[in-house]
Amino acid sequence: MDLRESLDLTQKYISGMLMCDQSLYSKYERGERDVPLHIMVKLAKFYDTSVDYIVELTDVKKPYPRRK
């Protein structure tokens, strides 16, 4: 994932943050497994972006404003 690599983070680090096996996270990155929505949300929060950006529906990295 470009976000992970741009921050020089390892798959092991991200999988630890997500509390999943590194091998499973690797399959997410390679597109061999679908990423569950709750994992997408955790990644969006971690990278301070939107799920839309992660799944390449937008080029805008800035997250949407949160509702109050």
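Residues numbered from 1 in each chain as written. Predicted model: local features only at pLDDT ≥ 70, side-chain atom pairs only at ≥ 80, totals over all residues. Heavy atoms only, no water.

A.B. asks: How would you explain the packing of helix α2 (residues 11-18) against helix α3 (residues 22-30) if you had to name every residue and give the values?
C.D. replies: As a packed pair, α2 and α3 sit with axes 9 Å apart at the nearest point and diverge in direction by 105°. Considering the angle they form, α2 stands roughly perpendicular to α3. Across the interface between the two elements, Gln11, Lys12, Ile14, Ser15 and Leu18 from α2 touch Gln22, Tyr25, Ser26 and Glu29 from α3. Across the contact of α2 with α3, the residue classes break down as 3 nonpolar, 4 polar and 2 charged. (Axes fitted to C-alpha atoms, helices over the stretch in contact; angles between N-to-C directions. Helix = DSSP H or I, 4+ residues; strand = E, 2+ residues; numbered from the N terminus. Parallel < 35°, antiparallel > 145°, perpendicular 65-115°, else oblique. Contact = heavy atoms within 4.5 Å. Nonpolar A, V, L, I, M, F, W, Y, C, P; charged D, E, K, R; others polar.)

A.B. asks: Can you tell me about the pattern of salt bridges, naming the residues and giving the values?
C.D. replies: A full pass over the atoms with the stated rule returns 3 salt bridges. With a shortest N-O distance of 3.7 Å, Arg4 and Glu5 are connected by a salt bridge. On the basis of relative accessibility, which here comes to 8%, the residue Arg4 falls in the buried class. Because the salt bridges share partners, they merge into one network encompassing Arg4, Glu5 and Glu29. (Salt bridge = Lys/Arg side-chain N within 4 Å of Asp/Glu carboxyl O. Buried < 20%, exposed > 50% of the residue type's maximum accessible area, 1.4 Å probe, protein only.)

Honestly, it's all geometry; don't read function into it.
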